[in-house]
Amino acid sequence: MRLHRLTVSAFGPFAGSESVDFDALAAGGLFLLRGATGAGKSSVLDAVCFALYGDVPGTRRANRLRSDHADPRRLTEVRLELTLGGRRLQITRLPEQRRPKKVGTGTTVERPQTLLREWAADAGDGTPGWRAVSKSHQEAGEEIHRLIGMNREQFCQVVLLPQGDFARFLKADSEERGKLLRRLFDTERFQHVEAWLAEQRRAQEAAVQAGRRRLRDLASKAEQAAGPAAEPAEGWVPAEEDAADLTAGVLGWAAILRSGAAEQFAVAEAALAGAEQAQRAAQGGRAAAEELAGRQRRHRQAVLQADRLAAFESEAARDGQRLAAAQAAVGVESALRLREGAADAHRRGQEAERRYREALAGAGGEGPALAEAGATELAEAERGLRAELVRLEAARTEERRCTALAREQRSLDEERRQADELAEEAEEWLAEYDERLGGLQEQHTGARAAGALVEQLDGRRAELTSRLDAARDRDGLRAEIAVAEPRVLTLRTAALDAREQSLGLRERRLTGMAAELAEQLRAGEACRVCGSPEHPAPAEAADGRVGADDEERARRAQAAAEQTWSTADQALTALRVREATAAGAAGPEGADALARTLAELDREHREALHAAEGLGRVEQEIARLSADQDRRLAELREARERAAVRTDRLQALHLEQRELAERVAAARGGAVSVAARTAALERLVEQVAAAAEASRAGSQTLARLGDAEDELAAAASAAGFPSPGEALAVLLPRAERERLEARLERHRVESAAVRHELALPELAEAASRPPADLSAAAAALGAATDRLGRAHAARSAAGERCAALAAIGRQLAGLAAELAPALARYGRINRLAALAAGTSTENRLRMRLESYVLAARLEQVAAAASDRLIRMSGGRYTLVHSDDRGTGNKRSGLALRVVDAWTGTERDTATLSGGEGFFASLALALGLADVVTDEAGGMPLDTLFIDEGFGTLDEQSLEEVMDVLDGLRERDRAVGIVSHVADLRSRIPAQLLVRKGRHGSTLALAGREDA
């Protein structure tokens, strides 16, 4: 991977558009990124990472990359040209950001964008150029990841080489090293193996525990099913800790329970057979008693029924005679009813004919003449009138058409009037259009000018606000300085006084030191000064002698006073520095003057903003006015066309209505309208038809009446009666006849049944015996039934017990076959899981599986790092991997040791000094870059960046590090160093200078003469 050109816009500290030509910068293989703190050196590396992965290293996120100094209308954008896998690519990314709306005021969210292009010999038009590969975030990211072969974490560690991270990595413990190595190397699958083994161990353990619970549950069920008198489970069910053979004892105990249940079942079956036999005998006795009682009851009821029927014989004979006479007169009844119906119908017909003729006589026109006509004449008149109605129906249609034409004419006339009004209104509006448009255009020009003024005033207000804040800070700090200066002078005087007091006490103590030593002399003991055991004239203490305690107290008081003075003086110095900074930012004006100027700018800004806010409204009104013009022109054209069409239609309708009116007038005659004439004629037709029908019906009813009288006389003679009146005298209603027939039939049937019942021999035999005792037989049957129920319950319980114990036995046998392989699997998986987790005693290094893999990678990194560390340290240091066990509960596998060739000792990397630590961390970073590159597929990394750390090196060490970096350059690599070290400016001619300013940072290529 080789970088060619980087272009950033409104990115990080860069307010404008800045470009870096890496081809020119890295032509010599080694270049320097330098600039003041906070200028944006690391932001250049952030831009490279953002272009490749859409994100930045560390805790900064892509949504915070927009420059605070940039123009709101300039979008944040990063474009990177590079070579990956032999392909020249260009990556353009824009993060999500807010921008001003293109129409109106306010801001809107610009969605993130990604564009991946490739340089091709044919860009589509036959000439070389950039060819689009993808505009999708996901597709572009997958393609770049495939070509680089590393994720963002690996790239940031391998290409950007953050020295601070590797210095911490060098001195970290195994757990912290594991976190970084886990991000760089794909060891997640080994974590999954450990997790899978742990999960399998838990699953197998759960299966074994479930088997134990099932075994205890089955034992409890078996004990409950066997009953309280069965063999108890104690001694047969294994304890919780037993794991060898869980079911051997339980199977034997279950067999004992089944044997006892079988014996109880045989006893219950014998008792059930005896109870069933006794119950059948009791049922036979109960049935015999019930049969005897029933026969005796039937005999008594038959005797009582025979006595009742004998008392009814005379009345039954009279009913039979009445019924015979009435049945003989039944034939005359139907003929009489027929005659009465015919007479009633004839009367109703005569009355109806009279009413219809009276109505016809009162009707106008031809009605009175037809009131006395016969049926034939009335029918002929009806046919003539109906023919006239048919002729009037056509005239009614023309009359309705005339009415419809009148309505349509009124509607068309109204529509023509509305069209004329609409056209007149549109013409008036269009006449005022130019004047309205001119006024809006003047407002639009003024609003645009106000918008430009708002942008100018925004910059002035921001600058003036900053100066006002600085002026207020300056004035406040000056007040604080005025208060602090006298206090510092007082504290300085107090500190000098305390020092003078301390020096005076020390001098007084030194003066009286001879007396202090004399007090320590003892007779016969050697003097500590001269060594003589004799002390002829020891010095004597004077008044006001100063001791060691007095001197110490004075010294502590002096130190406290000097510390208080120093602290106050430092605070005063800081206030003066802040005041000078604020004064430089505020300028010569006072805060009040700046506030007045800012207030005047705020007023101008509000006025301009108010005027500019009307821009969108005016543009909308202009657009709406143009749309209204188009609409009004269309309305005018349409209204004129509609008025012309309506005028032509009205003329045609007027001609048609005049012709129809002449024909309708001839058809209606003297009536108000054709409809009125038709209605009157329809009423006359109905009256004539009704009178004709009534006349025909009267003739028919008269004929039917004569026929009915002849049939009545013939029916009375045929029934044997001299006249119809005598037949009617003995005639009974039909309901009465049916009642007498049913009564006589019931008497006959009951008499025959009683005679048959009394003739039965078994009833006579039962009547001769004593009454049956049903209560004794029922009591005997109840006792036998209760005994049978108890026997059935005992037999069912014994059968259920045998079935339950048999089922539980089968379940126990199945559980025994199931638990044996489960216990074996649990033993194997438990051993493997403990070994992979590093908790097994067989794992003497207490190393997890993932740590074992990471340790192998760390061993490769240490070997690759040692090749460079030997050169940097002049052959003294070598990095080695150690798998010694950690102290306490810490696991092993990721320890690093440094071997000192000068002393032959091996020690921890945390004991290296600052410069030695930089050697080791740089070598470790380069070694890790080689290993990760090989792990990712061997993609050559032609551009590397090393971020800081050179300030801890002396001149000789710096020479050795530069030799190693020159070795990287010899392999056709471009190495960029991010550093503040002044010596590097003279050693590295190619430099990228990052300058920061009040309005953002800039980039520039600088040679050695710019250093």
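Structure's up top.
The structure presented is a predicted model; accordingly, all values stated were derived computationally and were not measured.

(A) Summary view of the overall build of the protein chain. Within the protein chain, the regular secondary structure consists of 25 helices and 16 strands. For the protein chain, buried positions account for 37% of its 1011 residues. Split by element, the accessible area of the protein chain, about 56,500 Å² in all, is 51% carbon and sulfur.

(B) Examining the pattern of salt bridges more closely. One pass over the structure, following the stated rule, counts 32 salt bridges. Taking the shortest distance from any N to any O, the salt bridge between arginine 416 and aspartate 413 comes out at 2.9 Å. In this pair, arginine 416 and aspartate 413 both sit in helix α12 (residues 375–431), 3 residues apart, roughly one turn of the helix. Residue classification places arginine 416 among the partly exposed residues on the basis of a relative accessible area of 25%. Here glutamate 600 makes a salt bridge to arginine 603, at a shortest N to O gap of 2.1 Å. Here arginine 603 and glutamate 600 lie together in helix α16 (residues 591–668), a separation of 3 residues that amounts to about one turn. The partly exposed category is assigned to glutamate 600, whose relative accessible area is 35%.

(C) Fine view of the packing of aromatic side chains. A complete count under the given rule lists 3 aromatic pairs for this structure. When the ring of phenylalanine 11 is compared with that of phenylalanine 50, the centres are 6.2 Å apart and the planes differ by 40 degrees; the resulting orientation is tilted. Here phenylalanine 11, found in strand β1 (residues 2–11), pairs with phenylalanine 50, found in helix α2 (residues 41–53); they are 39 residues apart in sequence, far enough to count as distant. Exposure class is identical for phenylalanine 11 and phenylalanine 50. Each is buried. Taking 5.3 Å as the distance between ring centres and 80 degrees as the angle between the ring planes, the aromatic pair formed by tryptophan 119 and tryptophan 130 counts as edge-to-face. Remark: tryptophan 130 occurs in strand β9 (residues 129–134) and tryptophan 119 occurs in strand β8 (residues 113–120); sequence separation between them is 11 residues. Using a relative accessible area of 44% as the deciding quantity, one classes tryptophan 119 as partly exposed.

(D) Expanded view of α2. The terminal C-alpha atoms of α2 lie 19 Å apart, and with 13 residues this matches the ideal 18 Å at 1.5 Å per residue to within 8%. Burial runs high along α2: 12 of the 13 residues are buried. Residues Lys41, Ser43, Val44, Leu45, Asp46, Ala47, Val48, Cys49, Phe50, Ala51, Leu52 and Tyr53 constitute the buried set of α2. Where α2 ends, the next residue or the one after it, glycine 54, has phi of about 75 degrees, a positive value.

(E) Representation of the sheet that holds strand β10 (residues 877–882). On the basis of which strands lie adjacent, the open sheet formed by 3 strands has the order β10-β11-β12 and antiparallel pairing. Looking at which strands have only one partner, the edges of the open sheet turn out to be β10 and β12 (905–908). Neighbour-to-neighbour, the strand axes of the sheet open up by a mean angle of 35 degrees, direction not taken into account. Sheet topology note: the β10/strand β11 (residues 895–900) ladder contains 6 bridges and is antiparallel. Pairing of serine 882 across the sheet is with alanine 895, part of β11.

(F) View of the pairing of β11. Across the two faces of β11 the burial differs, with Leu896, Val898 and Asp900 buried and Ala895, Arg897 and Val899 not buried at all. Strand direction decides the pairing type here: β11 and β12, joined by 4 bridges, are antiparallel. Residue valine 899 lies in a different strand from β12, and its bridge partner there is glutamate 906. With antiparallel pairing between neighbouring strands as the criterion, β11 and β12 make up a hairpin whose turn holds 4 residues, including glycine 904 at a positive phi of roughly 75 degrees.

Cut-off values and rules
Residues numbered from 1 in each chain as written. Predicted model: local features only at pLDDT ≥ 70, side-chain atom pairs only at ≥ 80, totals over all residues. Heavy atoms only, no water. Helix = DSSP H or I, 4+ residues; strand = E, 2+ residues; numbered from the N terminus. Buried < 20%, exposed > 50% of the residue type's maximum accessible area, 1.4 Å probe, protein only. Areas by Shrake-Rupley, 256 points an atom, 1.4 Å probe, with all protein chains shown as cover. Salt bridge = Lys/Arg side-chain N within 4 Å of Asp/Glu carboxyl O. Phe/Tyr/Trp six-rings, centres within 6.5 Å; stacked < 30°, edge-to-face > 60°. Expected span 1.5 Å × (residues − 1). Pairing = 2+ DSSP bridges. Axes fitted to C-alpha atoms, helices over the stretch in contact; angles between N-to-C directions.

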